[in-house]
Amino acid sequence: MSDAAVTRAYAYCHTVTRRSGSSFAQAFRLLGPERRAALHAVYAFCRFVDDVADGLDRGARDPARLLARWRDELDRVYAGTATHPIGVALADAVRRFALPQQHFADLIRGVEMDLSRRRYGIFHELEEYCYLVASTVGLLCIEIFGRRNPAAVDYARDLGIAFQLTNILRDVREDGARGRIYLPLDDLRSFGCDEEELLAGRYSARVGALMAFECGRARAYYLRARGSLAPEDRRALAPAEAMRLIYERLLARIESRGFDVFHERIALPRYEYVGLALAAWGRAQLPA
């Protein structure tokens, strides 16, 4: 693949990332150009794969076939024969940062779960889903960031699960409108909630108690992740810490609203994203 083709492919991935408006991009704005470009490629791949599940909710045809195409493209990435611009950029990033194919394959497997199920019976099932769709992304990112300590693997795993749990809590209303319930049914029963309350977007004291319980789970994963961050990785993993600060602030905002996510979508203003990202970078410069 020519250098010009790779450059165009990276530009395509950068456009995908910029247009998404994701807080993900805010966390690595201060990275060097090579690492930032690789992250754009990873993000673009994840975005396109995840959009397959979103397309299912919008009535898209044959999402399983679309995922199969991305799985084929992933094989071409590692064989050096990628054809899609995202695949071309990703192949270069894989070469530069030795990104394991298994993490990308696991992500696709997680998205496939969204094609086949709309309920999770127990937390262990939900935890596996969170790992597949979120921790895998973190495990790829820490290689690009340049982690050194093996404990960073535990850090990325727990942080990814915490992020996805936070997303699930924020999006209960939207998921319910699409007929999806991610909160474990076993937990619903424990708090006396029924599926119809969540599907209809009805807030109650029971629902608030359920949400508070799940929030506690997310906080436990954030705590475990912080405990796995080795001093020698603080600077390298500053972008991940920026994401942690952003998502923990979002979780705190959900808490401050009494866990009522049904009447207004809870989000952070852009200036908070930027401020928290800068705070994480600043902390990383302090002596360990």
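Thresholds, definitions, all that
Residues numbered from 1 in each chain as written. Predicted model: local features only at pLDDT ≥ 70, side-chain atom pairs only at ≥ 80, totals over all residues. Heavy atoms only, no water. Helix = DSSP H or I, 4+ residues; strand = E, 2+ residues; numbered from the N terminus. Buried < 20%, exposed > 50% of the residue type's maximum accessible area, 1.4 Å probe, protein only. Contact = heavy atoms within 4.5 Å. Phe/Tyr/Trp six-rings, centres within 6.5 Å; stacked < 30°, edge-to-face > 60°. Core = buried A, V, L, I, M, F, W, Y, C linked by side-chain atoms within 4.5 Å. Axes fitted to C-alpha atoms, helices over the stretch in contact; angles between N-to-C directions. Parallel < 35°, antiparallel > 145°, perpendicular 65-115°, else oblique. Left-handed = near helix turned anticlockwise from the far one by under 90°. Nonpolar A, V, L, I, M, F, W, Y, C, P; charged D, E, K, R; others polar.

1. Here we look at the environment of Phe259
Now for step 1: With respect to the helices, strands and loops of the structure, Phe259 is situated in the loop between α13 (238-256) and α14 (270-284).
Now for step 2: Under the relative-accessibility criterion, Phe259 is labelled buried at 12%.
Now for step 3: Along the sequence, Phe259 and Val77 sit 182 residues apart, while their C-alpha atoms lie 43 Å from each other.
Now for step 4: Look past the residues within four positions of Phe259 in its chain and what remains in contact with it is Tyr203, Gly208, Met211, Ala212, Cys215 and Ile254.

2. So, the packing of aromatic side chains
Now for step 1: Counted by the stated rule, this structure contains twelve aromatic pairs.
Now for step 2: Taking the centre distance of 6.4 Å and the plane angle of 55 degrees together, the rings of Tyr12 and Phe48 count as tilted. With Tyr12 in helix α1 (residues 3-20) and Phe48 in helix α3 (residues 33-57), this residue pair connects regions lying 36 residues apart in the sequence.
Now for step 3: Classification of Tyr12 as partly exposed rests on a relative accessible area of 32%.
Now for step 4: Between Phe48 and Trp70 the ring centres are 5.7 Å apart and the planes differ by 80 degrees, which places this aromatic pair in the edge-to-face class. Taken together, the positions of Phe48 in helix α3 and Trp70 in helix α4 (residues 63-79) put the pair 22 residues apart, joining distant regions of the chain.
Now for step 5: Phe48 gets classed as partly exposed once you look at its relative accessible area, which sits at 24%.

3. Overview of the nonpolar core
Now for step 1: In this structure, Phe45, Leu99, Phe104, Leu126 and Leu183 are the most contacted members of the largest nonpolar core, which totals 99 residues.
Now for step 2: Looking at this core element by element, the count peaks at 14 residues for helix α7 (residues 123-145).
Now for step 3: Ignoring any residue separated from it by four or fewer positions in sequence, one finds Phe45 in contact with Trp70, Leu74, Ile86, Leu90, Phe104, Leu107 and Ile108.

4. Some points on the packing of helix α8 (residues 151-170) against helix α12 (residues 205-227)
Now for step 1: With their axes 8 Å apart at the nearest point, α8 and α12 run at an angle of 155 degrees to one another. What the angle tells us is that α8 and α12 run roughly antiparallel. α12 is crossed by α8, and the crossing has left-handed handedness. On α12, the residues that touch Tyr155, Arg157, Asp158, Leu159, Ile161, Ala162, Phe163, Leu165, Thr166 and Leu169 of α8 are Met211, Glu214, Cys215, Arg217, Ala218, Tyr221, Tyr222, Arg224 and Ala225.
Now for step 2: The class makeup of the residues in the contact of α8 with α12 is 13 nonpolar, one polar and five charged.

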